[in-house]
Amino acid sequence: MEKMLSEILEQPAVLSDCAEKNKTEISRIINDIKSGNIDNIIFAARGSSDNASIYGKYLAEYITGIPVSPASPSIITVYGRKLRLERSLIIGISQSGEAKDVLSFIMHGNECGAATVAV
């Protein structure tokens with residue numbers, strides 16, 4: 001329990017550091033949203049990261065006015081279907097960074113020309 005509490009208390013500093021290190025990328029995404037180049041936002045997450053994506057959905061829809069939905073990575077990984085994601089912002093969330101289905105969805109988004117973010 002102590003480790004979880006320490007990680008929770010580290011979050012503000014970690015987020016601040018992340019925002020500082022990624023200013024250019026964050027500005028590019030903000031500009032894409034403001035210019036109307038993004039029609040939808042898709043969260044790709046699994047496990048406990050799904051909880052973060054649910055909260056992120058509410059925040060993103062409230063702030064941007066753009067519809068947000070969860071990804072269905074198995075459409076790509078299991079069924080081999082291709083999605084039209086060129087005007088999408090895909091936000092992949094993984095606690096470990098090793099969620100293969102989330103990574104596959106982000107990679108497919110990159111192939112389609114979608115804006116992608118990994119958290």
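The notes below deal with the structure included here. As the structure is a prediction and not an experimental result, all values here were calculated from the model.

1. Some details on the side chain of Ser53
- As for its placement among the helices and strands, Ser53 is situated in helix α3 (residues 49–64).
- Overall, the relative accessible area of 8% leaves Ser53 in the buried class.
- Here Asp50 takes part through its backbone oxygen, which lies 2.7 Å from a polar atom of the side chain of Ser53.
- If near-sequence neighbours (up to four positions away) are discounted, Ser53 is found in contact with Phe43, Ala45 and Ile93.

2. Brief notes about the pattern of salt bridges
- Applying the stated criterion across every chain yields a total of seven salt bridges.
- Of the charged contacts in the structure, one is a salt bridge between Asp39 and Arg87, with a shortest N-O distance of 2.7 Å. In this pair, Asp39 sits in the loop between α2 (23–34) and β1 (40–45) while Arg87 sits in the loop between α4 (74–77) and β3 (88–93), placing the two residues 48 residues apart along the sequence.
- Given a relative accessible area of 41%, Asp39 falls into the partly exposed group.
- Residue class for Arg87 comes out partly exposed when judged on its relative accessible area of 36%.
- Taking the shortest distance from any N to any O, the salt bridge between Arg46 and Asp101 comes out at 3.4 Å.

3. Remarks on the sheet that holds strand β4 (residues 115–118)
- A sheet is described by the order of its strands in space; here four strands give the open sequence β2-β1-β3-β4, paired in parallel fashion. Unpaired on one side and paired on the other, β2 (68–70) and β4 mark the two borders of the sheet. Across the sheet, the mean angle from the axis of one strand to that of its neighbour is 20 degrees, orientation sign disregarded.
- Where β1 and β2 come together, three bridges link them in parallel fashion. By the bridge assignment, Phe43 is partnered in β2 with Pro70.
- Contacting β1, β3 and β4, helix α5 (residues 100–112) crosses the sheet at an angle of about 155 degrees to β3.

4. Focus: a nonpolar patch on the surface
- On the surface, Met4, Leu5, Ile8 and Leu9 cluster together to form a nonpolar patch covering roughly 410 Å² of accessible area.
- For Met4, the position within the fold is in helix α1 (residues 2–21).

5. Considerations on α3
- Taking 1.5 Å of rise per residue, the 16 residues of α3 would be expected to cover 22 Å, and the 21 Å separating its terminal C-alpha atoms lies within 8% of that figure.
- Of the residues making up α3, those classed as buried are Ser49, Ser53, Gly56 and Ala60.
- Two residues or fewer after α3 comes Gly65, characterised by a positive phi angle close to 75 degrees.

Calculation notes
- Residues numbered from 1 in each chain as written.
- Predicted model: local features only at pLDDT ≥ 70, side-chain atom pairs only at ≥ 80, totals over all residues.
- Heavy atoms only, no water.
- Helix = DSSP H or I, 4+ residues; strand = E, 2+ residues; numbered from the N terminus.
- Buried < 20%, exposed > 50% of the residue type's maximum accessible area, 1.4 Å probe, protein only.
- Polar contact = N/O pair within 3.5 Å; in protein donor to acceptor, adjacent residues only side chain to side chain.
- Contact = heavy atoms within 4.5 Å.
- Salt bridge = Lys/Arg side-chain N within 4 Å of Asp/Glu carboxyl O.
- Pairing = 2+ DSSP bridges.
- Axes fitted to C-alpha atoms, helices over the stretch in contact; angles between N-to-C directions.
- Patch = residues over 30% accessible without salt bridge, like charges linked within 9 Å, V, L, I, M, F, W, Y side chains within 5 Å.
- Areas by Shrake-Rupley, 256 points an atom, 1.4 Å probe, with all protein chains shown as cover.
- Expected span 1.5 Å × (residues − 1).

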